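Descriptive structure summary
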Amino acid sequence: MARGKLRIYLGAAPGVGKTYAMLSEAHRRVERGTDCVVAFVEHYARPRTEVMLHGLEQVPRKEIEYRGSVFTEMDVAAVLARRPQVALVDELPHTNVPGSRNAKRWQDVEELLAAGIDVISTVNIQHLESLGDVVESITGVRQQETVPDEIVRRADQIELVDMSPQALRRRMAHGNIYKPDKVDAALSNYFRPGNLTALRELALLWVADRVDEYLTEYRSEHRVSKIWGSRERIVVGLTGGPEGRTLIRRAARLAEKGAGGEVLAVYISRSDGLTSASPKELAVQRTLVEDLGGTFHHVVGDDIPAALLDFARGVNATQIVLGVSRRKGWQYVFGPGVGATVARDSGPDLDVHLITHDEVGKGRALPVAARGARLGRARLIWGWLAGIAGPLLLTWLLSSVVPDVGLANDMLLFLTMTVAAGLLGGLFPALASAVVGSALLNWYFTPPVHTWTIADPKNIVAIAVFFGVAVSVASVVDLAARRTHQAARLRAESEILSFLAGNVLRGETTLEALLDRVRETFGMESAALLERENDVAPWTCAGSIGPRPCTTPDAADVDVPVGDHLALALSGRVLPAEDRRVLAAFAAQAAVVLDRQRLQQKADEAKALAEGNRIRTALLAAVSHDLRTPLAGIKAAVTSLRSDDVEWSEADQAELLAAIEEGADRLDHLVGNLLDMSRLQTGTVTPIIRETDLDEVIPMALGGVPEDNVDLDIPETLPMVDVDRGLLERSVANVVENAVKYSPPGEPVLVSASAIADRVEVRVVDRGPGVPDEAKSRIFEPFQRYGDSPRGAGVGLGLAVARGFAEAIGGTLNAEDTPGGGLTMVLTLPTAPQRRPAESERTSAVTT
């Protein structure tokens, strides 16, 4: 069945006309032949709204009695049975009266949508859950009834019902919204012009954001790459240099001049990690752009101009702000620069601003050292030796030891030396070898020798080819080394992230373990996750590892912001930019782990509180009924015996005394179970384990049960068990009493025992009604009685106490079906270890 569609009329405040607009839409649909009904609409005695209900079918409401009053709510079952095409449901955030089908009205609407019924509803902006704090700061009123933002966002249509604050106040003054006795108070409190203006702005901005989301989704689905200038969206290209702050502030000023301007700062790093950005400076710029209301983005791309333009077109930007290059004049021989390339390729739909700053022309270091670091220091040394000393040594050999081998062979030998330098040291040693080799070939082996003149033009071509081949080989070796390093790094990153994500998703990583993993992975001295409540509150440590952890992000060598009020701070060394990709993933996972741990703590506290409330409620019920019943019987019997109006026979007196004794025994049993349960729950049960013969314990446990109700089968050959005798007796007594209670008349309970491997099983078999498999675990919970047992059957603690005592002495208690009908309780006990003969003799002697 296709899911129904949801249409929402959104307003800034009560009285703007949401319900009226909804009813008008319903009349239009009815006129077109649509099956439309009113599931729930509240007109609040507003004449115009009440008139709009005429002519529309209304589903009768459901009456619910609560605290002596009768309330009406939407009858979800009646609407589902009616199955209209469209249902009108007013006030989506409304909280239903206790006893309703669902707690919230939006949950009722979800049921209707799931059944394929279209729904039209209304919402005020102050009822959105995410805006609760903002609305409270504006109006001073905390909204108790809220609806999750996701429910409203998922609506197929959202229509804004707008009205100016002045017009709304006029409607209020004319009595069109509230009753006359409430108008003055409303106008001077909630409906003040400032409040209404702020709420109206919230509604307009919220709807504008949703429209922007729909536009982005439409452009993505229809693959629209051309920029639509529906609003000013400014992209700031950051390099990680100090000029970034100037660019962000300038972009913010540009955004303020346009309607709905938005700033998006983007930093583009190369995939090979060759960028030389300052991590701390990037963190400062990220904080700055977020403080100015913008967003920060990190993009990976080897072609920086193309990546920047792709990002700008992807977010439908209208302007790009870049800084004038910091390169010196001679560095432009390597290319026109990012700014010029972006301006050239931006096209007519993107404006590019080149902003001057204090760092223009001061130079920008090229990452030369990073290239050599990929090959290792030893290879670099051997590469330079092969590139400089190799040609010199080869020249001496060809001049003195093996002269006259021919120019072609000389060139091949020098080319071999250049290739060796390239294989060992990469590009620059190979280039040096090519230059030195070319000079030595020209001076010593190319006629006329010992001059820089080359007589034969063919030799010029040969030397040029030699130089070109040497440079080509060196470039290939350098590229291969870079790709190898890149692949190894990416593989290591993927392994780390895969391991991290797997542990976190499985819940195997604590916050301290995760921080220790961060410290170990990046070779840091300490790692700490810092948090604060707001922008001005002091930082506190949520978790740390290592000596002297940082107390503030400013004191850290590396800090990664996580959201607005959380940061991962590391001390030890400054990390390169390429390491921050993995570190950012660690920081995000640390925030997830911290949230999960706190949620788990809250869940455990809530579970313990709920369990305590349940036990307290059951205990009060037990005290109010199960304990009062025997007390009432005892009091009635005593009052009868003391009465002077009736002369009791000896048989009657004996019967009354027996009733008193029975009530006292019952009270003693109930109070004993309650005390035992409290001891088990507080962990104060300390068993005294010693060797015990079941023949000595089980018959004593059956003292409170009539003999004809139990058949006992305990073989004398059973091994000894290691138990606490008192706890075992109480456990067996409770199990047997429970079995006798549910056994039919004339069917005795069988208590038998047998040895299996290293344990002894005591089975209590009854022929009662039995228990289904899904309820076998529940019968061992406190205050649980199976089936329709009367209140006088006890408070439901017998089996819970029995299992608790069994586990306290190292055993188990489980329920099984009795073949032929009934229930079998299986008590498993550990056997005593076999003693050596000499030890047994000493024990016997001591006993004697």
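The structure presented is a predicted model; accordingly, all values stated were derived computationally and were not measured.

1. Focus: the overall build of the chain
When you go through the chain residue by residue, the secondary structure sums to 26 helices and 24 strands. Across the 848 residues in the chain, those meeting the buried criterion constitute 42%. Surface summary for the chain: the accessible area is close to 44,700 Å², and the carbon and sulfur share equals 55%.

2. Looking at a positive patch on the surface
Where like charges cluster on the molecular surface, the positive patch consists of Arg249, Arg250, Arg253 and Lys257. Mapped onto the elements, Lys257 comes out in helix α10 (residues 244-257).

3. A closer look at the pattern of salt bridges
A side chain with one charge can pair with a side chain of the opposite charge if their charged atoms come near. Taken as a whole and judged by the stated rule, the model has 23 salt bridges. Measuring nitrogen to oxygen at the nearest pair gives 2.6 Å for the salt bridge that ties Glu159 to Arg7. Of the two residues, Glu159 is situated in strand β8 (residues 157-161) and Arg7 in strand β1 (residues 6-11); the sequence distance between them amounts to 152 residues. For Arg7, a relative accessible area of 13% puts it in the buried group. The salt bridge involving Arg61 is made with Glu42; its shortest N-O contact spans 3.4 Å. In this pair, Arg61 sits in the loop between β3 (57-58) and β4 (62-66) while Glu42 sits in the loop between β2 (36-40) and α2 (47-52), placing the two residues 19 residues apart along the sequence. Through salt bridges with shared partners, a single network forms among Arg7, Glu25, Arg28, Arg29 and Glu159.

4. Quick look at empty space enclosed by the protein
By the definition in use, this model includes two cavities of 30 Å³ or more. Here the largest cavity is characterised by a volume of approximately 40 Å³. Taken together, the elements giving at least two residues each to the lining of the largest cavity come down to α7 (165-173) and α9 (193-221). Within the lining of the largest cavity, the residues separate by chemical class into seven nonpolar, no polar and one charged. Taken as a whole, the second largest cavity encloses approximately 30 Å³ of empty space. Residue lining of the second largest cavity: Val732, Val735, Val762, Val764, Leu813, Met825 and Leu827, and that is the complete set. Looking at the lining of the second largest cavity, the elements with two or more residues in it are α24 (725-742), β22 (759-765) and β24 (823-830).

5. Digging into the packing of aromatic side chains
Within this structure, the stated rule accounts for one aromatic pair. Both rings, one in Tyr190 and one in Phe191, keep their centres 5.7 Å apart while their planes meet at 65°; by these two values the pair is edge-to-face. Judged by its relative accessible area of 15%, Tyr190 falls in the buried class. Of note, Arg105 hangs over the ring of Phe40, and the distance from its end group to the ring centre comes to 3.9 Å. Above the plane of the ring of Phe780 lies Arg803, whose end atom (NZ or CZ) is 3.9 Å from the centre.

6. Describing the packing of helix α23 (residues 694-701) against α24
The N-to-C vectors of α23 and α24 enclose an angle of 45°; their axes lie 8 Å apart at closest approach. Here α23 lies oblique to α24, going by the angle between them. Relative to α24, the crossing made by α23 is right-handed. Residues Leu694, Glu696, Val697, Met700 and Ala701 of α23 lie in contact with α24, whose contacting residues are Arg725, Leu728, Glu729, Val732 and Ala733.

7. Structural notes on the sheet that holds strand β19 (residues 710-713)
One open sheet holds the five strands; their spatial order is β19-β21-β22-β24-β23, and the pairing between them is mixed. Both edges of this open sheet fall to β19 and β23 (812-817), since each of them pairs with a single strand only. Geometrically, the sheet is characterised by an average inter-axis angle of 20° between neighbouring strands, direction not taken into account. For β19 and strand β21 (residues 749-756), the ladder comprises four bridges, and the chain directions are parallel. Within β21, the position partnered with Leu712 by the bridge is Val751. Packed onto the sheet, α23 meets β19, β21, β22 and β24 and runs at close to 20° relative to β22.

8. Quick word on α23
Among the residues of α23, Leu694, Val697, Ile698 and Ala701 are the ones counted as buried. When α23 is viewed along its axis, its buried side chains cluster within an angular range of 90° and face the same direction.

9. With respect to the confidence of the model for the chain
Detailed reading of the predicted coordinates is not advisable wherever pLDDT falls low. Predicted confidence across the chain gives a mean pLDDT of 78, with 78% of residues reaching 70 or more. Predicted confidence is poor over residues 363-373, with pLDDT under 50, and the contacts of this stretch with residues over four places away or in other chains come to 14 contacts. Every residue in residues 788-795 scores below 50 in pLDDT, and together they form 20 contacts with partners more than four places removed in sequence or on other chains.

10. Looking at the packing of helix α12 (residues 304-314) against helix α13 (residues 338-345)
At a minimum axis separation of 9 Å, α12 and α13 run at an interaxial angle of 50°. Considering the angle they form, α12 stands oblique to α13. Helix-helix and strand crossings are classified by hand; for α12 and α13 the assignment is right-handed. In this structure, α12 uses Ile304, Pro305, Leu308, Leu309 and Arg313 to contact α13, whose residues at the interface are Val338, Thr341, Val342 and Asp345. Along the lines of polarity and charge, the residues of the contact of α12 with α13 split into six nonpolar, one polar and two charged.

11. Some thoughts on the pairing of β24
Of all eight residues in β24, seven are buried, a share of seventy percent or more. With seven bridges connecting them, β22 and β24 associate as antiparallel partners. For Val760, the partnering residue across the bridge sits in β24 and is Leu829. With six bridges connecting them, β23 and β24 associate as antiparallel partners. Directly across from Ala815, in β24, lies its bridge partner Met825. Hairpin connection between β23 and β24: a loop of five residues separates the two successive antiparallel strands, and Gly820 in this loop has a positive phi of roughly 90°.

Rules used throughout
Residues numbered from 1 in each chain as written. Predicted model: local features only at pLDDT ≥ 70, side-chain atom pairs only at ≥ 80, totals over all residues. Heavy atoms only, no water. Helix = DSSP H or I, 4+ residues; strand = E, 2+ residues; numbered from the N terminus. Buried < 20%, exposed > 50% of the residue type's maximum accessible area, 1.4 Å probe, protein only. Areas by Shrake-Rupley, 256 points an atom, 1.4 Å probe, with all protein chains shown as cover. Patch = residues over 30% accessible without salt bridge, like charges linked within 9 Å, V, L, I, M, F, W, Y side chains within 5 Å. Salt bridge = Lys/Arg side-chain N within 4 Å of Asp/Glu carboxyl O. Lys, Arg positive; Asp, Glu negative; His and termini not counted. Charge placed at Lys NZ, Arg CZ, Asp CG, Glu CD. 1 Å grid on protein atoms, 1.4 Å probe; cavity = no way out; pocket = protein on both sides within 12 Å on 5 of 7 lines; lining within 4 Å. Points joined across faces, edges and corners; volume = space filled by probe spheres on them. Nonpolar A, V, L, I, M, F, W, Y, C, P; charged D, E, K, R; others polar. Phe/Tyr/Trp six-rings, centres within 6.5 Å; stacked < 30°, edge-to-face > 60°. Lys NZ or Arg CZ within 6 Å of the ring centre and 35° of its normal. Axes fitted to C-alpha atoms, helices over the stretch in contact; angles between N-to-C directions. Parallel < 35°, antiparallel > 145°, perpendicular 65-115°, else oblique. Left-handed = near helix turned anticlockwise from the far one by under 90°. Contact = heavy atoms within 4.5 Å. Pairing = 2+ DSSP bridges. Arc of directions from axis to C-beta. pLDDT = per-residue confidence, 0-100.

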